[in-house]
Amino acid sequence: MTSKSLDISIPAAISILFNTKTDVQGRLYLQPERRTPSMSLSLILPMSAFALATSISPGPVNLVCLGSGTRYPVSRGLTFVTGATVGFTALFIAVGLGLYSLLTMVPVAEELLRWGGVAFLLYLSVKLALDSGHLPDEGAEKAPGFGTGALMQWLNPKAWLASASGIGAYTSANDLQQILLFALLYLPICWLSLACWVYAGAFLRRYVQRPVVLVTVNRTLALLLAVSCLYLVIG
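Small disclaimer: the values here were computed from a predicted structure and weren't measured.

Asks: How do you make sense of helix H9 (residues 176–207) when you look at a structure like this?
Replies: Residues lying three or four places apart along an α-helix face the same way, a consequence of the helix completing one turn every 3.6 residues. A rise of 1.5 Å per residue sets the reference length of H9, with its 32 residues, at 46 Å; its end C-alpha atoms lie 47 Å apart and thus fit the reference within 8%. Approximately 25 degrees is the largest bend angle found in H9, and it occurs at tyrosine 186, with the proline proline 188 only one to four residues beyond. Between a side-chain oxygen at the N-terminus of H9 and the backbone nitrogen of glutamine 177 the separation is 3.2 Å; the capping residue is aspartate 175.

Okay, here's the thing in structure tokens:
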């Protein structure tokens, strides 16, 4: 057997070691580093579109935001929005780290979560259905707050579905960087989307002052919340 000697020039060796190239005149220059796919614009845009679609579309939390806007000052509704946004972001990261997979392995825990969501949504729907349509005096009635918003997301089937499907579609398995990027995108998009529902409720309260109209709105919202409970029971 004959062995061939490697004939590598000094510039070629430097190019291999330091990721450089030579131009047409033989001068060395550094190659720009390639960005990882997780931070590319081609991934950020579809992530953002998914976050917007799932956040602004009707769901139990959105309906409560609308109801809060019709009954309470906007500042109280936005407190609920902040809690719901933080709660969802925490849930999203937890699902990305494997919580949903762990939950499916423990059927009892999954059932408890489902029936807890049913009970909580029914409680909110009954409160809306029994509402008189008269706006409460300042401080006379406690509006849904930060804690209620955060808890509701963890009992919200839409939030679990959005988290699981979004992570499955747009992130690689166990890629914490992509999961955190997605969560950071969700944070402002979710807050602004839910705030839109609060302002829509405030619009109704401002321009539709008759109690009979507000009673109709609240009872419609209560019915929709009850339907979402039915979805939980059947699903």
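Okay, back to it.
Asks: Hey, could you run me through the packing of aromatic side chains in this one?
Replies: The geometry of two aromatic rings is summed up by the distance between their centres and the angle between their planes. Under the defined criterion, the tally for this structure stands at nine aromatic pairs. An angle of 85 degrees between the planes, with centres 6.2 Å apart, marks the rings of tryptophan 154 and tryptophan 160 as edge-to-face. Of the residues examined, tryptophan 154 reaches a relative accessible area of 29% and is grouped as partly exposed. Take tryptophan 160: its relative accessible area is 9%, and that puts it in the buried class. Between the aromatic rings of tyrosine 170 and phenylalanine 182, the centroid separation amounts to 5.9 Å while the plane-to-plane angle is 90 degrees, which identifies the pairing as edge-to-face. On the criterion of sequence distance, the pair formed by tyrosine 170 in helix H8 (residues 157–170) and phenylalanine 182 in helix H9 is long-range, its members being twelve residues apart. With relative accessibility at 24%, the residue tyrosine 170 sits in the partly exposed group.

Asks: Help me understand a nonpolar patch on the surface, please; the structure alone is not making it clear to me.
Replies: Taken together, the side chains of Leu102, Met105, Val106, Val108 and Leu112 define a hydrophobic patch exposed on the protein surface, amounting to about 540 Å² of accessible area. Here leucine 112 shows up in helix H6 (residues 107–129).

Asks: Explain the nonpolar core here, please?
Replies: Side chains of nonpolar character tend, in soluble globular proteins, to be buried together. Val61, Cys65, Phe92, Met152, Tyr186, Leu194 and Leu225 are the most contacted members of the largest nonpolar core, which has 46 residues in total. The greatest single-element share of this core, amounting to twelve residues, is contributed by H9. Those residues in contact with leucine 194 that lie beyond four places of it in its chain are Ser55, Val61, Asn62, Cys65, Val81, Ala84, Thr85 and Gln153.

Asks: I'm lost on the side chain of serine 163 in this one. Help?
Replies: Structurally, serine 163 is set in helix H8. Residue classification places serine 163 among the buried positions, given a relative accessible area of 0%. Separated by 2.9 Å, the side chain of serine 163 and the backbone oxygen of alanine 159 make a polar contact. Contacts of serine 163, omitting those with residues within four sequence positions, involve Phe88, Leu91, Phe92 and Val95.

Asks: What am I meant to see in the packing of helix H4 (residues 74–96) against helix H7 (residues 146–154) here?
Replies: Relative placement of two packed helices is described by the angle separating their axes and the distance separating the axes. It is at 6 Å that the axes of H4 and H7 come closest, and there the two elements cross at 35 degrees. The handedness of the crossing between H4 and H7 is right-handed. Across the interface between the two elements, Thr79, Phe80, Thr82, Gly83, Ala84, Val86, Gly87, Phe88, Ala90, Leu91 and Ala94 of H4 pack against Phe146, Thr148, Gly149, Ala150, Met152, Gln153 and Trp154 of H7.

Calculation notes
Each chain has its residues counted from 1, running along the sequence as written. For this predicted model, a pLDDT threshold of at least 70 governs which residues receive local features, and a threshold of 80 or more governs which side-chain atom pairs are given and counted, while totals over whole chains, interfaces and linings are taken from all residues. Side-chain numbers here rest on the full set of heavy atoms in the structure, without hydrogens or water. Strands here mean DSSP runs of E at least two residues long; helices mean DSSP runs of H or I at least four residues long; both are numbered from the N terminus. Expected span of a helix: the number of residues minus one, times 1.5 Å. To get the bend at any residue, fit one axis to the seven residues that end at it and another to the seven that begin at it, then take the angle between the two axes. As used in this structure description, the phrase polar contact means that two N or O atoms lie within 3.5 Å; if the pair is within protein, one of them must be able to donate a hydrogen and the other to accept it, and residues adjacent in sequence are counted only when both atoms belong to side chains. Any pair of Phe, Tyr and Trp rings, taking the six-membered ring for Trp, is counted once the centres come within 6.5 Å. Such a pair is stacked with planes under 30 degrees apart, edge-to-face with planes over 60 apart, and tilted for the rest. Note on exposure labels: buried denotes an accessible area under 20% of the residue type's maximum, exposed denotes more than 50%, and partly exposed covers the range between, all computed with a 1.4 Å probe on protein chains only. What makes a patch is a set of residues exposed beyond 30% relative accessible area and free of salt bridges, joined within 9 Å when like-charged and within 5 Å when nonpolar (Val, Leu, Ile, Met, Phe, Trp, Tyr). Note on areas: these come from Shrake-Rupley sampling with a 1.4 Å probe, and a residue is covered only by the protein chains present in the view. Salt bridges are counted wherever a side-chain nitrogen of Lys or Arg sits within 4 Å of a carboxyl oxygen of Asp or Glu. Throughout, nonpolar core names a set of buried Ala, Val, Leu, Ile, Met, Phe, Trp, Tyr and Cys residues whose side chains join them through atoms within 4.5 Å. Any two residues having at least one pair of non-hydrogen atoms within 4.5 Å are treated as being in contact. In this description, a line fitted to the C-alpha atoms serves as the axis of each element, helices being fitted only across the stretch in contact, and the angle between N-to-C directions of two axes falls anywhere from 0 to 180 degrees. The handedness criterion is simple: a crossing whose near helix is rotated anticlockwise from the far helix by less than a right angle is left-handed, and one whose near helix is rotated clockwise is right-handed.

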